[in-house]
Amino acid sequence: LVDIRLVSAKTGYGMEGLVSRLQRSWKCAGDVYLLGATNSGKSTLFNTLLRSDYCKSRAPDIIDRATVSPWPGTTLNLLKFPIINPTCDRIFRRQERLKEEAAKTEDQLSSEEKKYLNQLKKQGYLVGRVGRTFQQQKSNAEIDFDPDVLSYSIGEDPSDIPKKHEEREEFTHNEVKDARWCFDTPGIVKEDCVLNLLTEKEVKLVLPSHAIVPRTFILKPGMVLFLAALGRIDYLEGEKSAWFSVLASNLLPVHVTTLSNADTIYEKHAAQGFLKVPMGGEERMKEFPPLVPQDITLKGIGTTEAVADIKLSSAGWVAVTAPAEEELLLRAYTPKGTALVVREPPLLPYISTIRGPRIPGTPAYRTKKPPSFVENLRTTGS
């Protein structure tokens, strides 16, 4: 392990820094493989790297056709592109472009660039612009590019792309004879992942496609929180109220009830519209594994800092915030065969403070979406 990078291939955040780091690894002989679990974003990362300075300048137009027609050395589920050789001249020209772009403000962008940037802000909080140095930009090339369209997971069918009338381009012998390649690989299936139990329609609801808006609830002992029908947390014992911040797809419903009503609600509403996922009614629940419990003991560290995350497999997680020294006995449930993990310290310890005012008569707070940050633009104002 030589480096760790926080990036979003979907919004571009951190991608220019990743490309620079990868170019510094050119001396490490060999090809590059994108490895990871299914639905973790490898194909989106591949497509964004394809449109960056990491890829040879002519490759994107040729690789685009790999999803619908055979291409030497690949299959429909194993795409690759040739990596550009980062010569000193190319690195210098790239750094000059990055400096020039970082000096711009959002007001200096074109109307199309602003529109595209606003789309990215809806998809994530951390946003970055990914450009190219070694190719003349085509009109609207960056605006129309959707990195999720080109490559796809092993279980998906390729979408039809309208055929262009120009002659098909091919790599020359000199372009590929000594090339190093970046490969997109089929995803690794995690055995204890809740996504394995879901249908394609259900997976689309569970996997977030836009920025997650945290939802915070204040629970007293004897209250229960449901995340759809995929997870449940019971607050069994404690002296004071505690805050439970849910970080999951905005399409998954969260419901709070009492311990005495929880079993009835699950039996009545699982696979129905109220709990939403899974879906399909009684017949669906006959094949869906039951929820199994795990007791958790936590000690609070303050009213503004979470003590731990309760990760409900891949459905999402709940950050628990409690007063200092307050001891909590919780019981968390996930479907049988899936992983329930207590993460200490929590990933986002101050997430409970990102909330709106309390909704009167309910345990819920109004949601509050944090502002987006664009990393490679000069900020203006406060």
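Now for a description of the structure that goes with this document. (Residues numbered from 1 in each chain as written. Predicted model: local features only at pLDDT ≥ 70, side-chain atom pairs only at ≥ 80, totals over all residues. Heavy atoms only, no water.)

So, about helix H4 (residues 88–102). The first and last C-alpha atoms of H4 sit 21 Å apart over 15 residues, in line with the 21 Å expected at 1.5 Å per residue. What H4 keeps buried is the set Arg94, Arg97, Leu98 and Glu101. In a view along the axis of H4, the buried residues occupy a sector of 100 degrees, so they form one face of it. Turned more than 90 degrees away from the buried face of H4, the exposed residues are Cys88, Phe92, Lys99 and Glu100. Residues of H4 that are buried in the fold lie against helix H1 (15–23). (Helix = DSSP H or I, 4+ residues; strand = E, 2+ residues; numbered from the N terminus. Expected span 1.5 Å × (residues − 1). Buried < 20%, exposed > 50% of the residue type's maximum accessible area, 1.4 Å probe, protein only. Arc of directions from axis to C-beta. Contact = heavy atoms within 4.5 Å.)

Turning next to the sheet that holds strand E4 (residues 181–184). With mixed pairing, three strands are arranged side by side in an open sheet as E1-E4-E2. What marks the edges here is a single partner per strand, and that holds for strand E1 (32–34) and strand E2 (80–82). When the angles between neighbouring strand axes are averaged without regard to direction, this sheet yields 15 degrees. Note that E2 and E4 share three bridges and pair antiparallel. Looking at the pairing, Phe81 lines up with Cys182 of E4. Docked against the sheet, helix H2 (residues 42–50) engages E1, E2 and E4, running at close to 150 degrees with respect to E4. (Pairing = 2+ DSSP bridges. Axes fitted to C-alpha atoms, helices over the stretch in contact; angles between N-to-C directions.)

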